[in-house]
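Listed below, chain by chain, are the residues.
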There are 2 protein chains.
Amino acid sequence: MANHLTKSEMSRRRVLDAAAKIFRDYGYVGTTMRAVADEADLQAGSLYYYFKSKDDLTSAVLDLGMRSVAERVESALAALPGTATGRERIHVAVHAHLSASLEVGDYSVATRRIMGQVPEAIRAKNQQQREAYGAIWRSILEQARLRGEFRTSANLNFALLYIFGALNWVAEWFRPGGRSIEEIASEFASFILDGLTGNESALTAVPLELASPVQAGWLSNRGHKQKAKPRAG
Amino acid sequence: MANHLTKSEMSRRRVLDAAAKIFRDYGYVGTTMRAVADEADLQAGSLYYYFKSKDDLTSAVLDLGMRSVAERVESALAALPGTATGRERIHVAVHAHLSASLEVGDYSVATRRIMGQVPEAIRAKNQQQREAYGAIWRSILEQARLRGEFRTSANLNFALLYIFGALNWVAEWFRPGGRSIEEIASEFASFILDGLTGNESALTAVPLELASPVQAGWLSNRGHKQKAKPRAG
DNA sequence: GTCTATAGGGAGATAGAC
DNA sequence: GTCTATCTCCCTATAGAC
């Protein structure tokens with residue numbers, strides 16, 4: 001049982017994937033066990049074999065989404081040589097965050113949308129993980145400042161909130177088939193480090209194509225087809 | 001009836017404010033007409049005097065939140081002299097956006113959370129307003145680029161998505177009593193324009209207080225006390 | 001592991017009194 | 001304008017068969 005999942009583990013994961021999708025489209029309260037079961041090709045009662053309640057399922061979805069991103073970023077940073085600059089670390093962290101976040105896109109979007117709507121007990125538990133992940137970023141920023149790579153007037157507390165706002169919004173508008181994650185990561189790292197005015201000495205070169213419009217609705221949540229209007233009463 | 005609202009108009013607004021709060025905390029499906037009525041000191045049936053359905057109410061909440069921000073930004077930009085630089089316009093737009101967005105904070109947060117969960121018809125309608133508002137920002141960015149204030153490698157489509165992600169997240173973590181909206185706006189405009197590395201010649205000077213932690217949970221939605229756990233089944 | 005059946009309760013919307 | 005009463009439908013969770 002080293003690497004392949006048991007049937008039970010696979011089914012459990014199938015339920016989680018289904019739940020992430022339904023939470024994303026219908027919110028916390030709007031998600032029904034029936035809809036999750038349907039998406040996972042099960043009957044509603046069967047979910048209770050894997051999760052003892054709707055809240056237990058909710059907590060597991062939030063946990064998996066958060067951990068996927070945090071672990072990817074941690075290992076990407078750990079793989080860097082000790083000589084890496086602040087710029088390099090930030091670029092790598094941005095890429096790892098976006099890459100993992102988009103890979104588990106249903107979880108990322110669901111989390112962003114329902115975090116403020118789940119019962120307090122669930123939120124508090126997940127909040128600890130979020131703070132721990134934030135601490136990683138805080139330390140990258142502080143290291144870069146200590147190395148003298150930042151202007152001294154930059155407030156790192158705000159920078160953290162600013163960066164997370166921009167990065168976590170990506171899972172809402174990204175659609176496969178457009179610009180690659182690498183391009184987006186380079187562009188965003190460049191925005192974070194140099195802003196819009198900064199000099200041209202960007203990170204890795206980013207092709208100059210100002211004219212090409214971004215794929216789907218530039219600001220939107222469009223594209224999440226809902227099977228039906230959320231059930232009326 | 002030039003300036004003061006009729007009783008009916010006031011009640012309607014009371015219902016909208018109540019709905020924004022409930023949508024924010026419970027999501028689209030989780031919001032019940034009973035809960036909105038309770039928050040507005042009415043009975044559930046009475047809401048149907050003002051709004052012909054839950055979806056009609058939903059649409060009105062999204063509309064008001066969006067318009068509040070767009071109108072404030074438009075008029076702030078219109079008030080600028082023709083000689084204003086790209087930097088100045090962006091700073092003013094950031095401040096106006098944040099200021100309006102926080103003033104109708106319940107609407108802003110509710111919109112951000114439920115936009116992806118409302119029925120398609122409602123989303124499509126609101127989407128047009130969002131695109132129109134986005135066009136304003138796009139034109140500021142393009143003007144600044146034409147004036148030569150930006151590095152030519154910056155992709156403005158991504159810049160727009162990046163900026164909106166960061167700005168619209170603020171309503172989630174901002175708590176009155178901490179740093180002022182003006183400080184946040186200056187800091188954010190500086191991030192957008194100069195990034196973290198840019199030279200010290202910021203906009204208006206921002207006091208250097210790297211040590212002071214931002215008030216509540218740095219990444220969180222904490223602080224929206226829920227009266228009770230969303231009703232269990 | 002997955003199913004069916006069902007308990008006990010809450011939803012949106014309408015009708016008609018005041 | 002606002003209320004109460006009510007119709008019809010769907011929810012979470014459990015019990016027990018297979």
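Residues numbered from 1 in each chain as written. Chains lettered and ligands numbered in written order. Predicted model: local features only at pLDDT ≥ 70, side-chain atom pairs only at ≥ 80, totals over all residues. Heavy atoms only, no water.

Chemist: Before we go on, may I ask you to explain the overall build of chain A in this structure?
Modeler: Each helix and strand counted, chain A has eight helices and zero strands in total. Taken from N to C terminus, the helices and strands of chain A fall in the order α-α-α-α-α-α-α-α. Considering chain A as a whole, with its 233 residues, one finds that 55% of them fall into the buried category. Within chain A, counting contacts between residues at least 6 apart in sequence, those at least 24 apart form 72% of the total. As presented, chain A carries roughly 10000 Å² of accessible surface, and 56% of it is formed by carbon and sulfur atoms. (Helix = DSSP H or I, 4+ residues; strand = E, 2+ residues; numbered from the N terminus. Buried < 20%, exposed > 50% of the residue type's maximum accessible area, 1.4 Å probe, protein only. Contact = heavy atoms within 4.5 Å. Areas by Shrake-Rupley, 256 points an atom, 1.4 Å probe, with all protein chains shown as cover.)

Chemist: In this structure, what is going on with the nonpolar core? I would like to understand it.
Modeler: Within soluble globular proteins, side chains that are nonpolar generally end up buried alongside one another. Grouped together as the largest cluster of nonpolar side chains are 89 residues, with contacts concentrated most on V94, W137 and F188 of chain A together with V94, W137 and F188 of chain B. With near-sequence residues (within four places) excluded, W137 of chain B lies in contact with V73, A93, V94, H97, L160, I163, F164 and L167 of chain B. Formed by 29 residues, the second largest nonpolar core is a distinct cluster that contains A18, A19, I22 and Y28 of chain A. (Core = buried A, V, L, I, M, F, W, Y, C linked by side-chain atoms within 4.5 Å.)

Chemist: When you look at the protein's contact with DNA strand D in this model, what are you seeing that I'm missing?
Modeler: With respect to spatial proximity, 20 residues lie near DNA strand D, and among them R34 and Y48 of chain A together with Q43, S46 and Y50 of chain B are the closest. Backbone sugar and phosphate groups make up 70% of those atoms of DNA strand D lying within 4 Å of the protein. Here T31 of chain A contributes a backbone N or O atom positioned 3.2 Å from a phosphate oxygen of DNA strand D. K54 of chain A is positioned with one of its backbone polar atoms (N or O) 2.9 Å from a phosphate oxygen of DNA strand D. Among the secondary structure elements, those contributing two or more residues to the surface near DNA strand D are α2 (33-39) of chain A together with α1 (7-30) of chain B. The greatest single-element share of the surface near DNA strand D, amounting to three residues, is contributed by α1 of chain B. Residue classes in the surface near DNA strand D are distributed as five nonpolar, ten polar and five charged. (Near = heavy atom within 4 Å. Polar contact = N/O pair within 3.5 Å; in protein donor to acceptor, adjacent residues only side chain to side chain. Nonpolar A, V, L, I, M, F, W, Y, C, P; charged D, E, K, R; others polar.)

Chemist: I'm lost on the pattern of salt bridges in this one. Help?
Modeler: Pairing between side chains of opposite charge can happen when their charged atoms approach one another. The full count for this structure, using the stated rule, is 26 salt bridges over all chains. Close ionic contact of D17 of chain A with R13 of chain A constitutes a salt bridge, the shortest N to O distance being 3.0 Å. With D17 of chain A and R13 of chain A both in helix α1 (residues 7-30) and four residues apart, the pair spans about one turn of that helix. Where K21 of chain B meets E39 of chain B, a salt bridge forms, and the shortest distance between an N and an O atom there is 3.5 Å. Of the two residues, K21 of chain B is situated in helix α1 and E39 of chain B in helix α2 (residues 33-39); the sequence distance between them amounts to 18 residues. On the basis of relative accessibility, which here comes to 25%, the residue E39 of chain B falls in the partly exposed class. Each of R24, D25 and D106 of chain A takes part in one network of salt bridges that share partners. (Salt bridge = Lys/Arg side-chain N within 4 Å of Asp/Glu carboxyl O.)

Chemist: Sorry, what's going on with the confidence of the model for chain A here?
Modeler: Note: predicted coordinates in regions of low pLDDT should not be interpreted at a detailed level. Mean pLDDT for chain A: 88, with 84% of residues reaching 70 or above. Of the regions scoring below 50 in pLDDT, residues 222-229 of chain A engages in 25 contacts with residues more than four places distant in sequence or in other chains. (pLDDT = per-residue confidence, 0-100.)

Chemist: What is the right way to look at the packing of aromatic side chains in this model?
Modeler: We describe a pair of aromatic rings using the distance from one ring centre to the other and the angle between the two ring planes. This model, assessed by the stated rule, comprises 19 aromatic pairs over all chains. For the pair Y49 of chain A and Y50 of chain A, a centre-to-centre distance of 5.1 Å together with 90° between the ring planes defines the contact as edge-to-face. Here the aromatic rings of W173 of chain B and F188 of chain B are separated by 6.3 Å at their centres, their planes lie at 40°, and the arrangement is tilted. Taken together, the residues span a long stretch of sequence, with W173 of chain B in helix α7 (residues 156-173) and F188 of chain B in helix α8 (residues 181-194) at a distance of 15 residues. With respect to class, W173 of chain B is no different from F188 of chain B; both count as buried. Put simply, the rings of F158, Y162, W173, F188 and F191 of chain A together with F158, Y162, W173, F188 and F191 of chain B touch in pairs and so form one group of aromatic residues. (Phe/Tyr/Trp six-rings, centres within 6.5 Å; stacked < 30°, edge-to-face > 60°.)

Chemist: Would you mind going over the packing of helix α4 (residues 86-103) of chain B against α7 of chain B with me for this structure?
Modeler: Each packed pair of helices is defined by two parameters, the angle between the axes and the distance between the axes. Residue and element names in this part refer to chain B. Running from N to C, α4 and α7 cross one another at 35°; their axes reach a closest spacing of 9 Å. The handedness of the crossing between α4 and α7 is right-handed. Note on element contacts: α7 touches α4 through F164, L167, N168, V170 and A171, opposite V94, H97, L98, S101 and L102. Looking at the contact of α4 with α7 residue by residue, the classes come out as seven nonpolar, three polar and no charged. (Axes fitted to C-alpha atoms, helices over the stretch in contact; angles between N-to-C directions. Left-handed = near helix turned anticlockwise from the far one by under 90°.)

Chemist: Please clarify how the packing of helix α3 (residues 54-78) of chain B against helix α5 (residues 105-114) of chain B should be interpreted in this entry.
Modeler: All names here are of chain B. The N-to-C vectors of α3 and α5 enclose an angle of 120°; their axes lie 9 Å apart at closest approach. Classed by the angle they form, the pair α3 and α5 counts as oblique. Every pair of crossing elements has a handedness; the one defined by α3 and α5 is left-handed. On α5, the residues that touch T58, V61, L62, L64 and G65 of α3 are Y107, T111 and I114. The class makeup of the residues in the contact of α3 with α5 is five nonpolar, three polar and no charged. (Parallel < 35°, antiparallel > 145°, perpendicular 65-115°, else oblique.)

Chemist: I keep staring at α1 of chain B and nothing clicks. Help me out?
Modeler: Since one α-helical turn is 3.6 residues long, residues separated by three or four positions face the same way. Under the 1.5 Å per step criterion, the end-to-end length of α1 of chain B is only 29 Å for 24 residues, more than 12% shorter than the ideal 34 Å. Considering bend angle alone, the principal kink of α1 of chain B is centred on R24 of chain B and spans about 85°. (Expected span 1.5 Å × (residues − 1). Bend = angle between axes of the 7 residues up to and from the residue.)

Chemist: Looking at this structure, I do not really get the environment of F191 of chain B. What am I missing?
Modeler: Tracing the chain through its elements places F191 of chain B in helix α8. For the pair F191 of chain B and M33 of chain B, spaced 158 residues apart in sequence, the C-alpha to C-alpha distance is 42 Å. Beyond its immediate sequence surroundings of up to four residues, F191 of chain B is in contact with R151, A154, N155, F158, A159, Y162, F191 and G195 of chain A together with L196 of chain B.

Chemist: Please clarify how unusual backbone geometry should be interpreted in this entry.
Modeler: Glycine aside, residues mostly have negative phi, and peptide bonds are mostly found in the trans state. Of note in this structure, D41 of chain A is not a glycine but carries a positive phi near 60°. Mapped onto the secondary structure, D41 of chain A falls in the loop between α2 and α3 (54-78).

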